[in-house]
Amino acid sequence: MSQSYGYWLRKSRTAAISRRRFVGGAAIAGAGMATLGIVGCGDDDDEQSGGTPTPGGEDEAPQRGGTLRTGTFLDVLGIDPHIEVSIGLTTAAQMYTYLGAFNTRDNEFVPLLADSHEQASDLEFVFTLNKGFKHQNLPPVNGREVTADDVLYSLERFRDLPEAQNNSFYKAIVDKMQVIDDHTFKVTTKLPYAESLIELGGIQSAIVPHEAVEQFGNLSSRGVGAGPYILENYVKGERERLIRNPDYFHSDLPYLDASERITILDMSTLLQAYKNDQLDLNGALMNKLDYDGLPSNRVNYTLPALHYGSLGLNASVKPYSDPRVRQAIYLAVDRKQFVDKLGFGDGFPMGPLSAGLEYWALSEDDLAPYIGPDYNKAKELLSAAGYPNGFTMDVETSGGVQLYIDHANIMVSELNKVGIKAELKLSELGDYLSNKLFAGNFNATVFTHNPYETPKIPLGMYHKMGLGGGSWWHYENEAVSKKIDEQANEMDGERRRDLVKEAQRLILDDYAPMMNFYSPMGYGSHHPRLGGYDPTYRGFQLRRYTEFIKNT
Amino acid sequence: MRHYVLRRLLLLVPTILLITFAVTSLMRVVPGDPATLALGQQATEEDRERFREKYGLNDSLPVAYLRWWQGVFQGDLGESVVQRTNVTTELKNRLPVTLEMLVLAVFFTVVFGVPAGILAGVFRGSLFDYAVRFISVGGLSIPSFWLGTLAILLPAIWWGYLPPLGGRVPLTEDPVRNLEQFWLPSAILAVGASAGVIRIARSSVLDVSRSDYIRTAYAKGLGQRVVVVRHMLRNAMIPVITLIGLQVAGLFGGAVIIEQIFTLQGVGLMFIGSIFNRDYPMIQGIVLFLATIFLTINLLVDVSYAYIDPRIRYS
């Protein structure tokens, strides 16, 4: 075990990144972020290899004009901010405004429509809106001022749309939303909730004018907002073009004249289009080999990715109800195998939270005792639990996702080393998700997660209520659930961080039935002519609107 | 003949009813809940129930099926559970993409496959015959997705050339750019189909060339060109046309992958996504259109037999 841990230390020291700038952030589907190249990591010190341009160009004076060209491998289904959870949201983020945007890197709420916000108590958030903040000068709103009524209409729409996802904050936590006057809006929550401002400043909490919804029917393919860009052209699943809103309230922004995005569904073609200089920002998901093959005259960067793979066990059935068996499994799986085989040598140890959530995640020292391999101890634990010769484990997963299979295959070969005969049971993806994983209908399962920028979801998965519909693992550890609730209700950031770490320790001490394999590295790249782009902001970068094209 | 065609057209109605009903019922038997898939991991049962209510997913099979037909007669194929649009609108946007690709692929298949197969049969044992056979075996063996990936990546790596990406340009708007987008994916789709046609055309020509009437034609002093064009081709064409008709369905299967590689937002790609997401209205809409298209092609193929071979009479 210690040998393995030494390996982790070496890996983390040699990785050409700094992770201390990352603290997590608002939820957005990771694939969407990846498309904007935000899986990458900037560097704030001299660890990066010599000669490579630094991301961001933050120290350069912004220049007006130019067109940003991006691409995505994701099929853009629509651009309604209250319905989309993936790439379509990145368009919505340019068209619409928000009360504010939460910067998870620096843990601050950055006002946009709001001029300021006041927290009268842990339960009350009062936003004073900017006067003269207008919708785009297009029908049907024709430059009408944005008022508190628009905010109420929008957030209620997000809460009530049957197609909306990730709106549990508005349904379960928010008690009241009130228009105090045209420029004052108040939100009252039922209980103190640590991520209130993250939710209120989340990318789905966009302010949309009711006239647009009434005229267009829905906002999936058309829309008018009060954001910094106007949607000039949108062809579903093919291309879109946004142009600068000349009447945007924050008149210095945006710098770009236009922002264009095309869809190239084939990942290697998309990467090639970037390499051929047809795009300014890489939108393809890269592995280490792709990254190593990038042109050297680009701004190439790495950072811990936020997605990861897990083994889920049904804690209500034998043998997984026995913590000794779960501990044996934790110790039997050599995480280095995942790093080497899936990450090509890049990756980080992982407890309940990914290494990308450095502000919240346990340190590598904390994780060391829980990370294998220690085959002898694993065998001893299995013997003590009554399984000296191991047992047969049916592992449900889907053949429809290669990453599931890749993780599962490595895990199967690892468990075989201690006598656990794991066998994969493959299902079609739709069947697997709706009838097995989300229904908690399995003995053991392997799957991968979307990236999470805050601890809410990754920790919530260990709660006895799961993410709201019950624990997929049928795991009911009162102490763990209580600690997860405590951190969710803790409004003080530092104190919350302590509670999040305590919750993780409790989870690990009980060898909770969701074991995360490793935290992979993310890779990003953009052309040096792109300035004002800092991938270290992750999802928040989408609403900084600071990108510019350098006149070279 | 007129009666035959009329009867076949009438038969299309129960066939389409049967196909759409079978697909509708089977999709509902397949495990997987559209509401769960659409709303993701954080949804509660209450959320899912609201979603089901909105999209009529709680309706019984007969009710859902009849309601769908009621919509079809009014030109409304229903609301997609996933695509955020009406199925009719979505199909209107996407069908032209797939159809253009398929038409061009059939064109390439016929233009390359038929002459190559016939000439290989006529000049059996020649160098040309061996070359054609070698190419056809290659065409059958090489998967179209591999060929497509190479065809798009190699020019990009070597010469920095990528075909126009980022959306279809309609043929009527800019024919040159449209063909620039479509010729390569269609040609790749046609490789396997051409190879099949070559082999059938060749063996059919060989078969016909051993017939008595061909021997008689040569015996009465007709030149090879006349024998081949007038007597051999028409008789050899029936299995070839049958195969081409059948291959349209096969080409649609290949189109799913090719649409992905070339980012052509056609029906094939959406069909796969709809099946995964259990988007019943979309699946039914696509099946309705495809079944109509394939059945019509089948009918045209059957009718064409009578024109190619006057001995065939339909009654």
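Refer to the structure presented above.
About the thresholds
- The written sequence of each chain sets the order in which its residues are numbered from 1.
- Each chain gets a letter, beginning with A, and each ligand a number, beginning with 1, in the order they are written.
- pLDDT decides what is reported in this predicted model: residues at 70 or higher carry local features, side-chain atom pairs at 80 or more are listed and counted, and totals for whole chains, interfaces and linings draw on all residues regardless.
- Calculated side-chain values reflect all of the structure's heavy atoms, with hydrogen atoms and water omitted.
- A pair of strands is treated as paired once DSSP finds two or more bridges between them.
- Counting from the N terminus, the helices are DSSP H or I runs at least four residues long and the strands are E runs at least two residues long.
- The angle between two axes is taken between their N-to-C directions and runs from 0 to 180 degrees, where each axis is a line fitted to C-alpha atoms and a helix contributes only its stretch in contact.
- By definition in these notes, contact holds between two residues if any of their heavy atoms fall within 4.5 Å.
- We define buried area as the total accessible area lost by two parts upon association, computed with a 1.4 Å probe and summed across both.
- Any carboxyl oxygen of Asp or Glu that lies within 4 Å of a side-chain nitrogen of Lys or Arg is treated as forming a salt bridge with it.
- In protein, a polar contact requires one atom able to donate a hydrogen and another able to accept it; more generally it is a pair of N or O atoms within 3.5 Å, and residues adjacent in sequence count only if both atoms are side-chain atoms.
- Crossing handedness is read from the near helix: turned anticlockwise from the far helix by less than a right angle, it gives a left-handed crossing, and turned clockwise, a right-handed one.
- For this classification, Asp, Glu, Lys and Arg are treated as charged, while Ala, Val, Leu, Ile, Met, Phe, Trp, Tyr, Cys and Pro are nonpolar and the rest, including Gly, are polar.
- Remark: nonpolar core denotes a set of buried residues (Ala, Val, Leu, Ile, Met, Phe, Trp, Tyr, Cys) joined through side-chain atoms within 4.5 Å.
- Using a 1.4 Å probe on the protein chains alone, a residue whose accessible area is under 20% of its type maximum counts as buried, one over 50% counts as exposed, and one in between counts as partly exposed.
- Stacked, tilted and edge-to-face are the three classes assigned to paired rings of Phe, Tyr and Trp, where Trp is represented by its six-membered ring and a pair needs centres within 6.5 Å; plane angles under 30 degrees give stacked, over 60 edge-to-face, the rest tilted.
- Two limits define a charge over a ring: the Lys NZ or Arg CZ must be within 6 Å of the ring centre, and within 35 degrees of the ring normal.
- Directions pointing from the helix axis toward each C-beta atom define the arc.

K.L.:
What's the story with the sheet that holds strand β4 (residues 114-118) of chain A in this structure? I'm lost.
P.N.:
Strand pairing in a sheet takes place through backbone hydrogen bonds and is either antiparallel or parallel in direction. Residue and element names in this part refer to chain A. On the basis of which strands lie adjacent, the open sheet formed by four strands has the order β4-β5-β7-β6 and antiparallel pairing. Across the chains shown, the open sheet's two edge strands, defined by having one partner strand only, are β4 and β6 (174-181). The sheet shows a mean angle of 20 degrees between the axes of neighbouring strands, direction not considered. The pairing of strand β5 (residues 124-129) with strand β7 (residues 184-189) spans five bridges and is classified as antiparallel. For F127, the partnering residue across the bridge sits in β7 and is F185. Each of β5, β6 and β7 touches helix α4 (residues 148-160); the most contacted strand, β6, lies at about 160 degrees to it.

K.L.:
So what exactly am I meant to see when it comes to the interface of chain B and chain A here?
P.N.:
Reports often express the size of an interface as the amount of accessible area lost when the parts come together. Counting residues at the interface gives 40 residues for chain B and 47 residues for chain A. With both sides pooled, the region where chain B packs onto chain A buries about 3,600 Å², and carbon together with sulfur makes up 52% of that total. Among the residues chain B hides against chain A, the three largest losses belong to Q41, Q42 and R84 of chain B. Together they make up 23% of the total. Counting the contacts that link chain B with chain A gives five salt bridges. Linking E163 of chain A and K54 of chain B is a salt bridge whose minimum nitrogen-to-oxygen distance equals 2.5 Å. On inspection of chain B and its partner chain A, the count reaches 18 residue pairs in polar contact (both at pLDDT 80 or more). A total of five residues in the side of chain B that touches chain A trace back to one element, the largest contributor, which is helix α7 (residues 144-159) of chain B.

K.L.:
For this particular structure, what's the right way to read the packing of α7 of chain B against helix α8 (residues 175-209) of chain B?
P.N.:
Each pair of packed helices can be described by the angle between their axes along with the distance between the axes. Residues and elements named next belong to chain B. One can describe the packing of α7 onto α8 by two numbers: an axis separation of 9 Å at closest approach and a directional angle of 150 degrees. Pair α7 / α8 crosses with right-handed handedness. Mapping the contact onto sequence places S144, L147, G148 and A151 in α7 and L184, I188 and V191 in α8. Looking at the contact of α7 with α8 residue by residue, the classes come out as five nonpolar, two polar and no charged.

K.L.:
Quick question: what am I supposed to make of the nonpolar core here?
P.N.:
Note on soluble globular proteins: their nonpolar side chains tend to be buried together. Ranked by size, the top nonpolar core spans 143 residues in total, and within it F127 and F185 of chain A carry the most contacts. Top contributing element to this core by residue count: helix α5 (residues 87-122) of chain B, with nine residues. In this structure F185 of chain A touches L99, F125, V126, F127, A148, V151, L152, L155, M177, Q178 and V179 of chain A, once residues within four positions along its chain are discounted. Ranked by size, the runner-up nonpolar core spans 73 residues in total, among them M393, W472, A503 and M515 of chain A.

K.L.:
Any chance you could explain the pattern of salt bridges here in plain terms?
P.N.:
Pairing of side chains with opposite charge becomes possible as their charged atoms draw close. Under the defined criterion, the tally for this structure stands at 42 salt bridges over all chains. Note that R144 of chain A is salt-bridged to D150 of chain A, the shortest N-O span being 2.9 Å. A salt bridge links E90 of chain B to R94 of chain B; its shortest N-O distance comes to 2.8 Å. Of this pair, E90 of chain B and R94 of chain B both sit in helix α5, four residues apart, roughly one helical turn. Given a relative accessible area of 3%, E90 of chain B falls into the buried group. Note on R94 of chain B: relative accessible area 3%, which makes it buried.

K.L.:
How should I be thinking about the environment of S211 of chain B in this particular structure?
P.N.:
All names here are of chain B. Within the secondary structure layout, S211 lies in the loop between α8 and α9 (212-219). Residues S211 and V197, spaced 14 residues apart in sequence, show a C-alpha to C-alpha distance of 21 Å. Here V208 takes part through its backbone oxygen, which lies 2.7 Å from a polar atom of the side chain of S211.

K.L.:
Would you take a moment to explain the packing of aromatic side chains for this structure?
P.N.:
Describing an aromatic ring pair means giving the distance of the ring centres and the angle of the ring planes. Following the criterion strictly, the structure yields 35 aromatic pairs over all chains and no others. Judged by centre distance (4.9 Å) and plane angle (90 degrees), the rings of Y359 of chain A and W360 of chain A are edge-to-face. Considered together, Y359 of chain A and W360 of chain A belong to a single accessibility category, that of buried residues. Centroid distance F51 of chain B to Y55 of chain B: 4.7 Å. Interplanar angle 35 degrees. Geometry classified as tilted. Across the pair, exposure class does not vary: F51 of chain B and Y55 of chain B are buried alike. Aromatic ring contacts, followed pair by pair, group F438, F442, F447, W472 and W473 of chain A into a single cluster. For the cation-ring pair, R496 of chain A lies above W360 of chain A, with the distance from its terminal atom to the ring centre recorded as 4.8 Å.

K.L.:
Would you take a moment to explain the environment of A194 of chain A for this structure?
P.N.:
All names here are of chain A. By secondary structure assignment, the location of A194 is in the loop between β7 and α6 (196-200). Note on A194: relative accessible area 23%, which makes it partly exposed. If we skip the residues at most four places from it in the chain, A194 touches Q487, A488, E490, M491 and R496.

K.L.:
Which parts of the structure should I look at to understand helix α3 (residues 45-54) of chain B?
P.N.:
Spacing of three or four residues puts side chains on the same side of an α-helix, whose turn is 3.6 residues. Among all positions in α3 of chain B, only D47, R48, F51 and R52 of chain B are buried. Relative to the axis of α3 of chain B, the buried residues are bounded by an arc of 135 degrees and lie together on one face. Turned more than 90 degrees off the buried face of α3 of chain B, the exposed positions are E46 and E53 of chain B. Residues of α3 of chain B that are buried in the fold lie against α5 (168-173) of chain A together with α2 (34-39) of chain B. In the stretch just after α3 of chain B, G56 of chain B is the one whose phi turns positive, near 65 degrees.

K.L.:
What's the story with the pairing of strand β8 (residues 229-235) of chain A in this structure? I'm lost.
P.N.:
Each regular strand displays side chains that alternate between the two surfaces of the sheet. All names here are of chain A. Examined bridge by bridge, β8 and strand β9 (residues 239-244) share six bridges and lie antiparallel to one another. The partner of N233 across the bridge, within β9, is R241. Here β8 hands over to β9 after three residues, with G237 in that stretch at a positive phi of 70 degrees.

K.L.:
Could you clarify how one ought to interpret the side chain of T109 of chain B in this entry?
P.N.:
All names here are of chain B. Turning to its location among the elements, T109 is positioned in helix α5. Residue classification places T109 among the buried positions, given a relative accessible area of 2%. For T109, the side chain forms a polar contact with the main-chain oxygen of A105, separated by 2.6 Å. With near-sequence residues (within four places) excluded, T109 lies in contact with V114, A190, A193, S194, V197 and Q247.

K.L.:
What's the story with the environment of A172 of chain A in this structure? I'm lost.
P.N.:
Residue position: A172 of chain A is located in helix α5. C-alpha separation for the pair A172 of chain A and T189 of chain A, spaced 17 residues apart in sequence, amounts to 9.0 Å.

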